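Fold and geometry: a report
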Amino acid sequence: MAKLALINKQARREKLVAKSAKKHDALKAKMSVNSTPDERMEAMKKMAKMPRNANKTRLHNRCSVTGRARGYSRMFGLCRQQVRTLASEGKLPGVRKSSW
C-alpha cells in the first residue's frame, strides 16, 4: 500500500492540472512558430511563473486498489501485483493464469 501522503499529493496535482489546463494550453499556443519572438518570450516567462505541479507531465498513474505508482498496467488500471492476484482469483474477466 502506498503512503497516503503520496496519494493525496497526486490528487492535489490532478486538481491543479485541471484548474490551469486552459491557461497552459493558451500559453503553449502562443509559443508556436507563427508568433513573433517577443510574443514567444512573454509566453515563456508566464509559463515559467506557473506552478510546476500545474504541468501534465508531473502526474503519475497509480493503482486504483493500492495506490502504487510503479508497475502500472493501463489495461486494468492496477499495479502488476494486483493484476496477478486478481487474475489468479478469477476476478478479472477474460484473464487466466497460464500453465503448460
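Scroll up for the structure.
This write-up is about the structure you can find in this document.

Here we look at the overall build of the protein chain
Counting its regular elements, the protein chain contains 4 helices and 2 strands. C-alpha extents for the protein chain along the principal axes are approximately 65 × 30 × 15 Å. In the protein chain, 36% of the contacts between residues at least 6 apart in sequence involve partners at least 24 apart. Accessible surface, the protein chain as shown: approximately 8,200 Å² in total, 54% of it carbon and sulfur.

Quick look at the nonpolar core
Among the nonpolar cores identified, the biggest contains 7 residues, and these are Cys 63, Leu 78, Cys 79, Val 83, Leu 86, Ala 87 and Leu 92. Taken together, the elements giving at least two residues each to this core come down to strand S2 (78–79) and helix H4 (80–89). With 3 residues, the single largest contributor to this core is H4. The contacts of Cys 63, once residues within four sequence positions are left out, are Arg 68, Tyr 72, Gly 77, Leu 78, Cys 79 and Gln 82. Counting residues in each nonpolar core, the second largest holds 5 residues, with Leu 27, Ala 43, Met 47 and Met 50 among its members.

Remarks on the side chain of Thr 66
Position of Thr 66 among the secondary structure elements: in the loop between helix H3 (37–49) and strand S1 (72–73). Its relative accessible area of 13% is what places Thr 66 among the buried residues. Within the structure, Thr 66 has its side chain in polar contact with the backbone nitrogen of Arg 68 (distance 3.3 Å). Ignoring any residue separated from it by four or fewer positions in sequence, one finds Thr 66 in contact with Met 1, Ala 2, Ile 7, Cys 79 and Gln 82.

Side note on the pattern of salt bridges
Under the defined criterion, the tally for this structure stands at 1 salt bridge. A salt bridge links Lys 91 to Glu 89, with the shortest nitrogen-to-oxygen separation between them at 3.3 Å. For Lys 91, a relative accessible area of 57% puts it in the exposed group. Classification of Glu 89 by relative accessible area gives partly exposed; the value is 46%.

Points about the packing of helix H2 (residues 21–30) against H3
The N-to-C vectors of H2 and H3 enclose an angle of 150°; their axes lie 8 Å apart at closest approach. The pairing of H2 with H3 is recorded here as roughly antiparallel in orientation. As for the relative orientation of H2 and H3, their crossing is left-handed in sense. Mapping the contact onto sequence places His 24, Leu 27, Lys 28 and Lys 30 in H2 and Arg 40, Ala 43, Lys 46 and Met 47 in H3. Residues belonging to the contact of H2 with H3 are distributed by class as follows: 3 nonpolar, 1 polar and 4 charged.

Parameters and conventions
- Residues numbered from 1 in each chain as written.
- Predicted model: local features only at pLDDT ≥ 70, side-chain atom pairs only at ≥ 80, totals over all residues.
- Heavy atoms only, no water.
- Helix = DSSP H or I, 4+ residues; strand = E, 2+ residues; numbered from the N terminus.
- Contact = heavy atoms within 4.5 Å.
- Areas by Shrake-Rupley, 256 points an atom, 1.4 Å probe, with all protein chains shown as cover.
- Core = buried A, V, L, I, M, F, W, Y, C linked by side-chain atoms within 4.5 Å.
- Buried < 20%, exposed > 50% of the residue type's maximum accessible area, 1.4 Å probe, protein only.
- Polar contact = N/O pair within 3.5 Å; in protein donor to acceptor, adjacent residues only side chain to side chain.
- Salt bridge = Lys/Arg side-chain N within 4 Å of Asp/Glu carboxyl O.
- Axes fitted to C-alpha atoms, helices over the stretch in contact; angles between N-to-C directions.
- Parallel < 35°, antiparallel > 145°, perpendicular 65-115°, else oblique.
- Left-handed = near helix turned anticlockwise from the far one by under 90°.
- Nonpolar A, V, L, I, M, F, W, Y, C, P; charged D, E, K, R; others polar.

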